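Coordinate inspection notes
So the chains spell out like this:
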Amino acid sequence: MYCDSDRTGMTVGTLKRAFLDNLHYIQGKDAYFATAYDYYMALAYTVRDRLVHRRIKTAQAYYEKDAKMVYYLSAEFLIGRLLLNNLINVGLYEQAKQAMADFGLDLTELMDREAEPGLGNGGLGRLAACFLDSLATLEIPAIGYGIRYEFGIFEQQISGGWQQEVPDNWLRFGNPWEIARPDYNVEVKFGGHTEAFTDAQGRYRVRWIAETTVFGTPYDTPVAGYKNNTVNTLRLWSARAGEDFNLQVFNAGDYTQAVANKTFSENISKVLYPADQTLQGKELRLRQQYFFVACSLQDIIRLYLRNHSTFEAFPDKAAIQLNDTHPSIGVAELMRLLIDEHQLNWDVAWDITQRTFAYTNHTLLSEALERWSVDLFGRLLPRHLEIIYEINYRFLNEIRLRYPGNTARLARMSLVEEGNGKQIRMAHLACVGSHTVNGVAELHTDLIKQELLRDFYEMYPEKFQNKTNGITPRRWLLLSNPQLATLITETLGSEHWVTHLDELQQLETQIENPTFQARWQAIKQSNKERLAEYIWRNNQIEVDPYSLFDVQIKRIHEYKRQHLCVLHIITLYEQIKANPAIDIQPRTFIFGGKAAPGYFMAKTIIKLINSVAEMVNHDPDVAGRIKVVFLNNYSVSLGEMAYPAADLSEQVSTAGKEASGTGNMKFALNGALTIGTLDGANVEIRQEAGPENFFLFGLTAQEVMSLKAEGYNPYDYYLSNPMLKKVIDSLISDYFNPREPGIFQPIVNSLLYHDEYMLLADYQSYVDCQAKAAAAFRDKTHWTKMSILNVARMGKFSSDRTIWEYCQDIWRVEPLSITLDVPQAPSPLTARV
Ligand SMILES: *Cc1c(COP(=O)(O)O)cnc(C)c1O
């Protein structure tokens, strides 16, 4: 029967047959020769078949209903491993576990064979992945578009305390989840020049005579909604040289040169840029951005034209979201396609473009704001530069009409930054070309309106919205913390909360229940023990699983202030050294995070953590009461283990610098209490959890700005705070690095003489707050109640809520349910049989 075929059936028996079949015919192995990797692949293909079936039904429904689609354009998708996620979402986990057990195989071991797709740097890429999960779960017609990097974020190893980068060859053993679609290949042009001409109808036209062309091949990864039948697509583009690559050189006999050129084209999708929150104005980066945007827009237009013959309805059928400015060249590219390729006039094309795009801003840091030199831009994308100049010309005229004589405003708002070396301001292009601009937390959106894009907000206040980020409860609770998920399901009586996270509120009824409290504590304890074992295996450091697990995992960046936590650790250490008998709460400080390979200060902070760890972990005076651990190679998988094991979540960025943060949400949803500043979504987490269940410290964003304006002098704090002085002096004296003197001087100099991120201003407040957290941890019952309340009140931070808001307020799209049972209309092939 159709419903129980080997490729779609959901029973243990069918899964076992399908698994053996795939092992035999896809892996070409039997039980004598199969390795754990073969078993992983056979199971992955078995799961993929179930997804493909749903994917086809989903695509059919979108096409037949001519549904409005969301196209989420993002240079990064940090999706994490897929086997367990897919098993859970498609409702096959228990059966698969049983099927494998029947074969004497351990499902967990097979899952460990999966290479992690690290196609992102951090929060921005992970947000895109959470959004895909929520889009599919909410049954929203959507496609995610990005780049199929051959090498993802580097693997981080630690050697002598320093970070070493190792290339991440994640595709080495193949990827069972993706399906290549060479039949949807598209061509992308680069370089050359433009020519104006008058066409047969007497219209002014421009043609772009490119210097090179590259092909984009789409690779589709299915994205399953949670226990519905929706399977959307993540479509990632891989660069290919054309079939007839450089034929002229080839014919001239220089075969090797021709093949070398082929490699040059294919370099476009070779590697993810590993810098987070900084811009390197590199040509290859701009090539990558234009490449995936040009591929995606051609694909979007191809899909639209299957159901339409004019572009009139385009904005009613396509909502394109720009995840940061990385895809913002799309504004100029859509204008080019509509005008040069489809012969629309400027005003019509501009109206369509503005009604199609929306832009999400992700940062207030000026070093992360994308600007491309006009030189580079003109060389690579000459036609786009012309179009951007024309957009700017018309935009500046609009400003002149609204604000006559205000030349300062013109200069501030222009898409082109003048000065030595003109630059294109991509955030301004995205802002002008979009109907909506959003920030990712309330505070962040306020700062966009009041500071970053103030002029734009004054001119178009209706364009600006807030969409506070969220995380998917499927991966970040159900998958990563199965014991807690089970307790919640038992307590609430159903697993409805998995898609309606607000229902966690009902946990509050259990807050005084001692049995419930005990189970809550036992689950946290078991998660801590699991992490402790990992630390032992990975770092050969023995940590006390009953100590307070104080965790800071995120990209290493000065604005995130990992070094503020180090100052606190040294403070405790100094207290112990001054009085070894001191009664101190035992703590395990756990750090993890990658530094951009070219970010010297961030790499030095990693070394500092490891140097302090070396000293503190082995000092007999400390007697094991404080341990410091740096976990190498922070990734989605490592996060899945670390977030559920944390007691205290470190969210200590300088107020006004972290747009939202999502790590903060993952910790709180897994029962950690937060110590944090009023920054990003911390503000809303504190609001939801209740201020009494949150450890708040530090300057506010307003205070940071005022203090800067008054003239901040960090050295005064150093001189007037004896403990702070002692701590900094220990760095100056090379106490933690006797064999490598001077290595921390750059950190010291930065703190004493610049301190852009105001660590010294926040130091005392942080140390005091940490003392309160330590004291609170000693009252186990009270701490447990606060932990329960945090979880119960995190419903708002489901990415389902975030995505629903985007659907209602920005995209104007509706859910479309997929049914599998309805007999299929015979396809031409079936009909022939
Ligand atoms: C959630 C997540 C992040 C973002 O963490 P922040 O603390 O918000 O910076 C980065 N990397 C990975 C792997 C994540 O899962």
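If you check an unreviewed UniProt entry, the protein chain appears there as Alpha-1,4 glucan phosphorylase from Pseudocalidococcus azoricus BACA0444. On record in UniProt, under Cofactor (unreviewed entry), the comment for the protein chain is "pyridoxal 5'-phosphate". The protein chain has a UniProt comment under Sequence similarities (unreviewed entry) that states "Belongs to the glycogen phosphorylase family."

**Notes on the sheet that holds strand β18 (residues 548-553)**
With parallel pairing, the six strands of this open sheet are ordered in space as β20-β19-β18-β21-β22-β23. If you trace the sheet from one side to the other, it starts and ends with β20 (626-631) and β23 (695-696), each paired once. The pairing of strand β22 (residues 673-676) with β23 spans two bridges and is classified as parallel. Bridge pairing in β23 links Gly676 to Leu696. The strands that helix α22 (residues 562-578) touches are β18, β19 (587-592), β20 and β21 (648-651); relative to β19, the one it contacts most, it runs at about 155 degrees. Lying on the sheet, helix α23 (residues 600-618) is in contact with β19 and β20; it crosses β20 at an angle near 145 degrees.

**What about the nonpolar core?**
Membership of the largest hydrophobic core comes to 203 residues, with the highest contact counts inside it found for Tyr71, Phe291, Phe377, Trp497, Leu507 and Trp811. If one sorts the elements of this core by residue count, helix α9 (residues 283-305) sits on top with twelve residues. If we skip the residues at most four places from it in the chain, Phe377 touches Leu286, Ile329, Trp372, Pro382, His384, Leu385, Ile388, Ile424 and Met426. Among the nonpolar cores identified, the runner-up in size contains 72 residues, and Ala596, Val616, Val704 and Ile728 belong to it.

**Quick look at the pattern of salt bridges**
When the charged atoms of two side chains lie near each other, side chains of opposite charge can form a pair. Scanning the entire structure with this criterion turns up 52 salt bridges. Notably, a salt bridge pairs Asp347 with Arg394, separated by 3.3 Å at the nearest N-O pair. Within this pair, whereas Asp347 is found in helix α12 (residues 346-356), its partner Arg394 is found in helix α14 (residues 382-402), the two being separated by 47 residues in sequence. You can call Asp347 exposed: its relative accessible area is 54%. Across the salt bridge formed by Arg561 and Asp762, the nearest N and O atoms sit 2.8 Å from each other. Here Arg561 is found in the loop between β18 and α22, whereas its partner Asp762 is found in helix α31 (residues 759-778), with 201 residues between them in sequence.

**Looking at the site of the ligand**
Residues in close proximity to the ligand total 15 residues, the closest being Lys554, Lys560, Thr662, Gly663 and Lys666. A distance of 2.6 Å separates an oxygen atom of the ligand from a polar side-chain atom of Lys666. Alone, the ligand offers 390 Å² of accessible surface; in the complex the protein occludes 96% of this. Elements with a minimum of two residues in the shell around the ligand: α6 (123-137) and α25 (663-669).

**Considering the side chain of Glu370**
Residue placement: Glu370 occurs in the loop between β12 (357-360) and β13 (371-373). Among the polar contacts made by the side chain of Glu370, one reaches the side chain of Gln289 at a distance of 2.7 Å. The contact partners of Glu370, leaving out residues within four places of it in the chain, are Leu279, Arg285, Gln289, Thr325, His326, Ile424, Arg425, Met426 and Ala427.

**Comments concerning empty space enclosed by the protein**
Scanning the model with the defined rule gives three cavities of 30 Å³ or more in all. What the largest cavity holds in volume is close to 160 Å³. As for the largest cavity, its lining consists of 16 residues, of which Ile79, Leu82, Asn85, Ala129 and Val223 are closest to the centre. When the residues that make up the lining of the largest cavity are grouped by side-chain class, the tally is eight nonpolar, five polar and three charged. Roughly 70 Å³ of internal volume is contained in the second largest cavity.

**Examining the UniProt feature "modified residue: N6-(pyridoxal phosphate)lysine" (unreviewed entry) in the protein chain**
The positions that UniProt labels "modified residue: N6-(pyridoxal phosphate)lysine" (unreviewed entry) are, in the present scheme, Lys666. For Lys666, the position within the fold is in helix α25. The class for Lys666 is buried, based on a relative accessible area of 5%. Non-local contacts of Lys666, meaning those with residues more than four positions away in its chain, are made with Arg126, Ile471, Trp476 and Tyr643.

What counts and what doesn't
- Residues numbered from 1 in each chain as written.
- Predicted model: local features only at pLDDT ≥ 70, side-chain atom pairs only at ≥ 80, totals over all residues.
- Heavy atoms only, no water.
- UniProt positions renumbered as here; feature names shortened; annotations may be inferred.
- Pairing = 2+ DSSP bridges.
- Helix = DSSP H or I, 4+ residues; strand = E, 2+ residues; numbered from the N terminus.
- Contact = heavy atoms within 4.5 Å.
- Axes fitted to C-alpha atoms, helices over the stretch in contact; angles between N-to-C directions.
- Core = buried A, V, L, I, M, F, W, Y, C linked by side-chain atoms within 4.5 Å.
- Buried < 20%, exposed > 50% of the residue type's maximum accessible area, 1.4 Å probe, protein only.
- Salt bridge = Lys/Arg side-chain N within 4 Å of Asp/Glu carboxyl O.
- Near = heavy atom within 4 Å.
- Polar contact = N/O pair within 3.5 Å; in protein donor to acceptor, adjacent residues only side chain to side chain.
- Areas by Shrake-Rupley, 256 points an atom, 1.4 Å probe, with all protein chains shown as cover.
- 1 Å grid on protein atoms, 1.4 Å probe; cavity = no way out; pocket = protein on both sides within 12 Å on 5 of 7 lines; lining within 4 Å.
- Points joined across faces, edges and corners; volume = space filled by probe spheres on them.
- Nonpolar A, V, L, I, M, F, W, Y, C, P; charged D, E, K, R; others polar.

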